[in-house]
Every structure is written in structure tokens, then in C-alpha cells.
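Geometric and topological summary
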Amino acid sequence: RQGYCKDFTFSSFAPEKDGRLRFESNVLEPVNLEATSTLMRSRGFPPRYHQRILQAYFADRGFDSEFDDELSGESKNSGKSSVSGVRTKWVLSPDPDIGLD
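Read on for a plain summary of the structure. If you're wondering where the values come from, they're calculated on a predicted model, not measured in any experiment.

Parameters at a glance
- Residues numbered from 1 in each chain as written.
- Predicted model: local features only at pLDDT ≥ 70, side-chain atom pairs only at ≥ 80, totals over all residues.
- Heavy atoms only, no water.
- Helix = DSSP H or I, 4+ residues; strand = E, 2+ residues; numbered from the N terminus.
- Contact = heavy atoms within 4.5 Å.
- Phe/Tyr/Trp six-rings, centres within 6.5 Å; stacked < 30°, edge-to-face > 60°.
- Buried < 20%, exposed > 50% of the residue type's maximum accessible area, 1.4 Å probe, protein only.
- Salt bridge = Lys/Arg side-chain N within 4 Å of Asp/Glu carboxyl O.
- Pairing = 2+ DSSP bridges.

**Topic: the environment of glutamine 51**
For glutamine 51, the position within the fold is in helix H2 (residues 49-60). Sequence spacing of glutamine 51 and phenylalanine 67 is 16 residues, and the spatial spacing of their C-alpha atoms is 8.0 Å. Excluding its chain neighbours within four sequence positions, the residues that come into contact with glutamine 51 are Phe67, Asp69, Val86, Thr88 and Trp90.

Shown next, in the form of C-alpha cells:
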């Protein structure tokens, strides 16, 4: 049985003075890693399956979210590039329409 990824982690949340939260999520060895890295390198377009799920989760809890993806664990061994996952940098802001701020 194969899961979506080998591991999924969050960094510590860093609150800012304006009420926003910054953090990172890391997906280690997602099943679509080869396709993801090819799309990000060639077209700058990452498939964002887990990000969209988290974005909906945060919206349901009163936060607007912005995120930016990058490949993680990139190294060159014997002239070949290897990637271990996708790192996503998040910024959550209280949704002013919800009244959480």
C-alpha cells in the first residue's frame, strides 16, 4: 500500500505584529515528486494538491492564506540533480470579514 508521501511536517508558527502567521510545510517524497519537479523546473507550475486542501482548511477557520512553493533537498550528485520534496512557505492573515482580528 502506498501513501501520498513519506512524511509531512510543519515548522513552528511565527506570529507577526500585524496578526499574520508565517510557517512552512514540507512534503517529503510525495508520490508525484517526479512530475512535480519537472513541472516546477520547466514551467514554474507546481501541482498544488496538499496546498489547496490546507488553504480550504485555513479559510474555514477564518484565515486568508498565501503560499509559495519550492523544491527541497536539491543536490547534485554525479552531475544529476536530486530532489526530496516540496517546501511551501505560508502566510496566514485573519479574514477581516470573519472578525477574528
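**Some words on the packing of aromatic side chains**
Going through the model one piece at a time under the given rule, you end up with nine aromatic pairs. Seen from their ring centres, phenylalanine 10 and phenylalanine 13 are 6.4 Å apart, and the 35° between their planes marks the pair as tilted. Residue phenylalanine 13 is classed as partly exposed on the basis of its relative accessible area of 41%. Seen in terms of ring centroids, tyrosine 57 and phenylalanine 58 are 5.7 Å apart; in terms of plane orientation they differ by 70°. Their pairing is edge-to-face. Within the aromatic cluster, the residues linked to one another by ring pairs are Phe8, Phe10, Phe13, Phe23, Tyr57, Phe58, Phe67 and Trp90.

**Re the pattern of salt bridges**
Counted under the stated rule, the structure contains seven salt bridges. The closest approach of N and O atoms between arginine 22 and glutamate 16, which form a salt bridge, is 2.2 Å. Note that glutamate 70 and arginine 87 form a salt bridge whose closest N and O atoms lie 2.6 Å from each other. Placement of the pair is glutamate 70 in strand E4 (residues 63-72) and arginine 87 in strand E7 (residues 85-94), with a sequence separation of 17 residues. Among the charged side chains, a salt-bridge network with shared partners connects Glu16, Asp18, Arg20 and Arg22.

**So, the pairing of strand E3 (residues 21-28)**
It is a general feature of regular strands that their side chains alternate between the two faces of the sheet. Where strand E1 (residues 7-10) and E3 come together, four bridges link them in antiparallel fashion. Across the sheet, phenylalanine 10 pairs through a bridge with serine 25, a residue of E3. Both strand E2 (residues 14-15) and E3 contribute to a ladder of two bridges, which runs antiparallel. Residue pairing across strands places proline 15 opposite leucine 21, the latter belonging to E3. From the end of E2 to the start of E3, which pair antiparallel, there are five residues, and glycine 19 there has a positive phi angle of about 95°. Looking at chain direction, E3 and E7 are connected through eight bridges and run antiparallel. If you follow leucine 21 over to E7, its bridge partner there is leucine 92.

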